[in-house]
Every structure is written in C-alpha cells, then in structure tokens.
Amino acid sequence: GDKMEGLSAELPFLSSDSDHLYDDEQLQQMVSVFTAHPMPVAKAVGDAARCEGNRGPLVKFGCARPLVDLLSENDDAKAQAARAIGNLCYDHPENRMEFHKLGAIRLLVSILASQEAAPTSTSNITTTPLERNVAGALANLASETPECQVEILQAGGVEYLLGVVVGGADEHSVAMAVRALMNLAEHEKAQEVIGSSDVVTAYFEMLTDTDSLPEPVVADVVSTLVTLARFQPNRLVMVDRCRAIAVLFKVVQQSINEMKMEHDLDEPEGDSDGEEEQPIALAIADLLLLLLDDDNTKPSFILQNLHNEVLAFILHHAYLFERSQPVTPQLRLLQKVFRQLTKIVGVACINEQVSHAITSQLTSVLKLTTIIDPDMQLGSLLILGNLARADEQSVSLVEQGVHKSVFSMMVEFPNDQRVQQLAIGALRNFAIPVANRNRLTDDGIFPPTIRMLSCPNQVLQFAAVHLLRTLTAGNVEAAQKFVNDGGMESLLLLVCGEGPNLEDEDEGESSEKVKDLRVQYEATRYLVRLLADTKEGQDRERFTSCINEKMVTGIISLLLSPFSVLQEEGSFALAMLSLVRPEWILGDNDCLSSICAVIKSPTSTSKANLSVLSALHELGKTGLQQLKDAGVADAVMSLASSTDPEVSASAAETLSYFK
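Residues numbered from 1 in each chain as written. Predicted model: local features only at pLDDT ≥ 70, side-chain atom pairs only at ≥ 80, totals over all residues. Heavy atoms only, no water.

## Some thoughts on the overall build of the protein chain
No. 1: Along the backbone of the protein chain there are 42 helices and 0 strands.
No. 2: The buried share of the protein chain, reckoned over its 659 residues, is 52%.
No. 3: Of the contacts made within the protein chain by residues no fewer than 6 positions apart, 74% connect residues no fewer than 24 positions apart.
No. 4: Here the protein chain has roughly 29,500 Å² of accessible surface; of this, 48% comes from carbon and sulfur atoms. (Helix = DSSP H or I, 4+ residues; strand = E, 2+ residues; numbered from the N terminus. Buried < 20%, exposed > 50% of the residue type's maximum accessible area, 1.4 Å probe, protein only. Contact = heavy atoms within 4.5 Å. Areas by Shrake-Rupley, 256 points an atom, 1.4 Å probe, with all protein chains shown as cover.)

As structure tokens, this is what we get:
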C-alpha cells in the first residue's frame, strides 16, 4: 500500500483505466521511477500495455530490461513482470524481438520448470497468477515470431507448457498454455517436437470431455491439432494412439448441436459481408479430410465406417439447406460444415470397400443431389464420380438413371464452374464402360457437354473434349449425334485456336489471357480421332457424313501453327482427311499453300513431313494436276535431300507421281 501511495505521488497522472493512452512524457516518467518502485511500476506498465498505443513507446523508453531483471526476483515480482511482458508483446513483433534479445524467454521457461518441480497445493496455484502470466507471456512471444518460437523449443518450453495443460489447476493458466502451444506449433520444427511429446495424446484426451472445457480452449486445441497434422508422423499418432476419427466426429456432432441451438435463437440477418468466425466443427472437418487423404491413415478411417455415420448425419440435417430456413450467422456456418462433411464422404468413396457400401445406399446419396446448394452439389458429384470409377458400379448407376441427376446439376448451376467440372468428370467415369455410352447419348449428354466447348473456362473446355472423345470412340451413331447437336463447329473453333474470350481469373489482371495450348492440342487429337475412325470398316461412308468441310479450316490453322506438336497433329489430320474427303483439300487453295509451307519449313519435324507426304500420295490419285498447279512438286523436291532416310525415300516416291 505504501509503495502504491509513493508511486501515485510521483505519477499523479496515473489512471486506474487500464486502457488509457498516455503521452510520451508520461510514459518516460513512468519508466524513470522503475528502480525506485519496481513492483508497482511493473503493474502500471502491465496496465498501460493493454492499450496498443503505449506498447512501443514503453519499450523504447527502457522498460524491457528492468522487467526481465524482475523475472529473477520473488514470485510476486515474477508474476507482475510476466504479465507486463505478455501485454507488451501482444500484437507487437518489435517488442517480442527486444525481449528475445534480452533473454526473457529462457527465464520464463525456467519459471515454469521450477513451478512444476515445486510441490504446491491446488489452492495456492489457483490464487497465484504466476503460472498463468508466464504461460500468457510465452503465448504472445510465440505468436508469428520464428526466433522466439525456436528459443522456446530449445529451452524445453513444450514439456513445461504441457505440464500446465495437464495440471489443470487453473483454467486460465490452461488456456494460456494451450494458446502458447498453438502459436508455437506454427513453426515447422515445433510440429515435430510437439508431435514427439505427449501433447497430441493429452489433447485428444481433453476432447473426450469438451463439456468441462471453455469453448476458446477447445477451439485452440483443435487448431493446434490441425496444424500438427501438417507433419505426417503426427497424423499416424492421432489415428493409431488417440482414436482420432471417433473422437473428432463426436466433437463435430456436439459442436453442430450447439450451433443449431444458437441458430434457433438468432434473429435472421440482412445482407452482410462481414467476416465469419470459423467454427470448431469446420476445423475438425478439415482435419478429418486431411487424415482421410493420407494413404497411411486412410485405412483406420475406412475401418471405422465413419462414412456411413457421416452420410446419415448429413441427411438428417438436410433441412438446414431449405430455402424456408431463416438466414442467420450460425446457419451460414452450419452449411459450411455440412459441405465439408459431404466432401469427406466423396473422398472416402475412392476406396472400393466404401464405394460398395455407399452404392447400397444410393437412395440416400440421390437425396443429396436435390439440395439446391452448389457446394453440396460438389460433394454429391464427388460421391457419384467416385462410385462410377468401378465399371460394374458405373453400369449399374446408369441403369438406375443416376446420370440424369448429374445432368440436372449442370442445368441447375450453369455458371458454377466447379459444379460443371465435377459433373463432366463424373459423366466421363459413366462413359468409360462401352455399355453405358448409347444410354448416355440417348438421354441427352451432348448438348450440355458441347456448351462447355464454348465456355470461357479452359479447364472446362479441356474436360469436355476428353468426355466427348470417350463418348464417340468408334461409335458412328454417337459421332453423328455429336455433329447434329452442333459439336463440330465448337470443336473446330478450339482446333483453330479461336475459342471464346477467356474470363479473368483475378480482378485487376489484364483481360488478355493466354490460351492454353493443351486445349487446342486435345481438340486437335479429338478431330484426328474422328478422322482416323473413318479409315476402315463398312461404315466408312456413313461415318464420313459426321464431318464437314469446316475441318479444312482447322487443319490449315494447325499446319501453320508455330508449335510442332500442333503441326504434327494437323499433318496427321490432313492424311486422315485425304482418305475420306480429298476433294475438300484439293478444292481449297489455302490448304494447298499450307501444305507447301510445311514441306518447305526448316523447322518442320520428320513426323509432320511424313504425314503430309502420306496425304499427297492419296491426293495425287485424283488431283495430280491441282497439286502441280499449286507448286507442291517443287516443294516436295526440297525433302528429297532430307537427312532423314524415311522422309527422303517417301519424298522420292511422291515425286515419281509427278513425272
């Protein structure tokens, strides 16, 4: 009391308001009397440091060194100093580095070590703030400051912070120690060190009884586990020693039930773009996905049949996506969690055992497809696409009309590229078994897929070309439907590199996008495949009706391409077209000029030249004079001296036609 009176006399400006902002002169005066009144000044500094504007000046004026010195005094002095250091380091990187340089971290860790070694009654621990303040100081020092994180690790801080957590004498001390370990875990080295300790085991033990823990502590525990799971050996510890899957899903269910209660009590919100706090359940769903995606931990996940329980849980709460639900902040968060849970089921379906089990619950899965929410549709499509990976199941699904649900999702969300991409992927899996293709084409798969060729997204264009190639491979009727539905026009635009304007992926970027060469290449390969399928067989003439004269424009574009892979595909397409429609080539002077250009180009590959010469062999059978008039013979002469013996021999044979 006398000390506080003395300090008040020397610092008449001192306010009892802990958030008071002082001017520099007042802060300098406060630090100047530190030696005379160390304990009350330490408390005053701790109070003043709760105001953000005081933190930097206090350290600048010299309070750091006397605070560090107090860490070597009695317990009351240590407690006040630790509190002040923690407050000064909160959200202040410069102050953290200053205390790091002065050796505060090792002193703070040694205090925890001495507390752990000293036998103290529970009541005494509860009444003293020392442990809590030290843990709090370490938590703030460890926040986003690698140098401090490393020193805490080297000083053995993990062991002693864990001692505070499992001691459980004071919930505030536990909360601070948990926060310190959470901040510490952000360092890559710490993930290994913490994982090799008993922290993971202790944390899962805590999660088995979340009712006894404050929600912020549960949130920090979960956040720490998510971070630790980045280090693969920690994931094995979680699954093998801690029954992670069952424990985590139980916490998800508890968290969702609490969120539902809050949703029922909340008032509907207006339009708001405010940042939403991530719920515990969503963080755990992310962790479950990580465990499921690891080949080493996936078996445990599968063996526990969590996918069945998750699917039932999702369907039980499908009403949360009904449009009649009042829109509250909690509803938005709940929907995020269930979207992630649906994704968990979808990823699990990659496993054959899970896939068979989920297929037997097809009615339940199809209920998911009726939820009008794009992210839930993504999860549904992931499930259906993975179910269709096995041919036998794929045929069964198409027989039951599941593909029509995929068509519906494409129609329902025409502007959601994520839905469109997964829908195309699922349909391609359906199309792989030959037995499914006629059913898919009869039920109208071409129109929505062809539309993807003309969309401004190259990923969708690429996926659509692959799906179309699968559907029409060697199938005359399917190819004819593709053409009848307008597919050839869209395909040729891609072949010519004249597809739609590409959309901006990020605001502020140039609107001029570089077209993906892979799209043009795959479109060209598909065009060549259509032509190659016309070479042989009794359906040759019938199949030829599936192509049109616009192909010549696409081939010209490819022949003149600066990219050798496209030029080679264009040359091969020319050879194919010469077998079925030579008159189209011979009747197009631009095409004949392009042929000459390829032959004369010093950069043309042997593969391209051989394909062009093969085409000339066929074209010469009906249009020798046209080739001569176009100067083709002169061009071929340049290949007769080619260093590639195969090219020179083919050129010599071609020249013999012109004599």
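Next, the rest of the story.
## A look at the nonpolar core
No. 1: Residues L67, F99 and L341 are the most contacted members of the largest nonpolar core, which totals 215 residues.
No. 2: Looking at this core element by element, the count peaks at 11 residues for helix α19 (residues 280-292).
No. 3: Dropping the residues within four chain positions of it, L67 is found in contact with F34, A42, V45, A81, A84, I85, L88 and F99. (Core = buried A, V, L, I, M, F, W, Y, C linked by side-chain atoms within 4.5 Å.)

## Some points on a negative patch on the surface
No. 1: Judged by side-chain charge, E205, D209, D211, E215, E258 and E262 come together as a negatively charged surface patch.
No. 2: Its place among the elements puts E258 in helix α18 (residues 244-265). (Patch = residues over 30% accessible without salt bridge, like charges linked within 9 Å, V, L, I, M, F, W, Y side chains within 5 Å. Salt bridge = Lys/Arg side-chain N within 4 Å of Asp/Glu carboxyl O. Lys, Arg positive; Asp, Glu negative; His and termini not counted. Charge placed at Lys NZ, Arg CZ, Asp CG, Glu CD.)

## Thoughts on the environment of S641
No. 1: Relative to the elements of secondary structure, S641 occurs in the loop between α41 (632-637) and α42 (645-657).
No. 2: Distance from S641 to A652, taken between C-alpha atoms, is 9.1 Å for residues 11 residues apart in sequence.

## Here we look at the packing of helix α10 (residues 130-141) against helix α13 (residues 171-184)
No. 1: Axis separation between α10 and α13 bottoms out at 8 Å; the angle between their running directions is 20 degrees. In terms of orientation, α10 and α13 fall into the roughly parallel class. As α10 runs across α13, the sense of the crossing is left-handed. Contacts from E131, R132, A135, G136, L138 and A139 of α10 reach α13 at H172, S173, M176, A177, R179, A180 and N183.
No. 2: Here the contact of α10 with α13 is composed, by residue class, of 6 nonpolar, 4 polar and 3 charged. (Axes fitted to C-alpha atoms, helices over the stretch in contact; angles between N-to-C directions. Parallel < 35°, antiparallel > 145°, perpendicular 65-115°, else oblique. Left-handed = near helix turned anticlockwise from the far one by under 90°. Nonpolar A, V, L, I, M, F, W, Y, C, P; charged D, E, K, R; others polar.)

## A short note on the environment of T328
No. 1: Within the secondary structure, T328 sits in the loop between α21 (306-316) and α22 (329-348).
No. 2: Note: C-alpha distance between T328 and E262 (66 residues apart in sequence) is 9.2 Å.

## Details of the environment of V221
No. 1: Its location among the elements puts V221 in helix α16 (residues 215-228).
No. 2: Exposure remark for V221: the relative accessible area of 1% places this residue in the buried category.
No. 3: Considered as a pair, V221 and I280 are 59 residues apart in the sequence and their alpha carbons are 9.7 Å apart.
No. 4: Non-local contacts of V221, meaning those with residues more than four positions away in its chain, are made with V178, Y203, M206 and L207.

## A look at the layout of surface pockets
No. 1: There is about 670 Å³ of room inside the largest pocket.
No. 2: If you list the elements that add at least two residues to the lining of the largest pocket, you get α6 (75-89), α7 (93-101), α10, α13 and α16.
No. 3: Sort the elements by how many residues they give to the lining of the largest pocket and α10 lands first, with 5 residues.
No. 4: A per-class count over the lining of the largest pocket returns 8 nonpolar, 10 polar and 8 charged.
No. 5: The space that makes up the second largest pocket amounts to roughly 580 Å³. (1 Å grid on protein atoms, 1.4 Å probe; cavity = no way out; pocket = protein on both sides within 12 Å on 5 of 7 lines; lining within 4 Å. Points joined across faces, edges and corners; volume = space filled by probe spheres on them.)

## Comments concerning the pattern of salt bridges
No. 1: Inspection of the entire model under this criterion finds 20 salt bridges.
No. 2: Here D47 and R83 are joined by a salt bridge, their closest N and O atoms 2.4 Å apart. Of this pair, D47 sits in helix α3 (residues 38-48) while R83 sits in helix α6, and the two are 36 residues apart along the sequence.
No. 3: Linking R439 and D443 is a salt bridge whose minimum nitrogen-to-oxygen distance equals 3.1 Å.

## Points about helix α23 (residues 352-359)
No. 1: All of the buried residues along α23 are V354, S355, I358 and T359. For α23, the angular spread of the buried residues around the axis is 130 degrees, confining them to a single face.
No. 2: Check the buried side of α23 and you find it contacts α20 (298-303), α21, α22, α24 (362-368), α25 (374-387) and α26 (391-399). (Arc of directions from axis to C-beta.)

## Some remarks on the side chain of N386
No. 1: As for its position among the elements, N386 is in helix α25.
No. 2: Setting aside residues no more than four positions away along its own chain, N386 makes contact with G346, V347, C349, I350 and S355.

## Topic: α10
No. 1: Here α10 contains 12 residues, and its C-alpha end-to-end distance of 16 Å stays within 8% of the 16 Å for a straight helix at 1.5 Å per residue.
No. 2: Among all positions of α10, only L130, E131, N133, V134, A135, G136, A137, L138, A139, N140 and L141 are buried. (Expected span 1.5 Å × (residues − 1).)

## Concerning the packing of aromatic side chains
No. 1: Scanning all chains against the criterion turns up 4 aromatic pairs.
No. 2: Measuring from centroid to centroid gives 6.1 Å for F446 and F482, while their planes differ by 55 degrees, and the two rings are tilted. Of the two residues, F446 sits in helix α30 (residues 446-453) while F482 sits in helix α32 (residues 476-484), which places them 36 residues apart along the sequence. Summarising the burial analysis for this pair, F446 and F482 share the class buried.
No. 3: Aromatic rings pair up to connect F249, F313 and F338 into one cluster. (Phe/Tyr/Trp six-rings, centres within 6.5 Å; stacked < 30°, edge-to-face > 60°.)

## Things to note about unusual backbone geometry
No. 1: The phi dihedral of D91 is positive, around 55 degrees, even though this residue is not glycine.
No. 2: Assignment of secondary structure puts D91 in the loop between α6 and α7.

## Structural notes on the confidence of the model for the protein chain
No. 1: Mean pLDDT for the protein chain: 86, with 89% of residues reaching 70 or above.
No. 2: Low pLDDT (under 50) marks residues 270-275, which in the prediction has 0 contacts with non-local residues, meaning those over four places away or in another chain.
No. 3: Here residues 504-513 is modelled with pLDDT under 50, and outside its nearest four sequence neighbours on either side it reaches 8 contacts, counting other chains as well. (pLDDT = per-residue confidence, 0-100.)

## Here's the deal with the side chain of E522
No. 1: Structurally, E522 is set in helix α34 (residues 517-532).
No. 2: One polar contact links E522 to R469, side chain to side chain, over a distance of 3.2 Å.
No. 3: Not counting residues up to four positions away in its chain, the partners in contact with E522 are F462, V465, H466 and R469. (Polar contact = N/O pair within 3.5 Å; in protein donor to acceptor, adjacent residues only side chain to side chain.)

## Things to note about the packing of α21 against α22
No. 1: It is at 10 Å that the axes of α21 and α22 come closest, and there the two elements cross at 145 degrees. In the crossing of α21 with α22, the sense of the turn from one axis to the other is left-handed. Contacts between α21 and α22 pair H307, V310, L311, F313 and I314 from the former with F338, L341, T342, V345 and A348 from the latter.
No. 2: Considered class by class, the residues forming the contact of α21 with α22 number 8 nonpolar, 2 polar and no charged.

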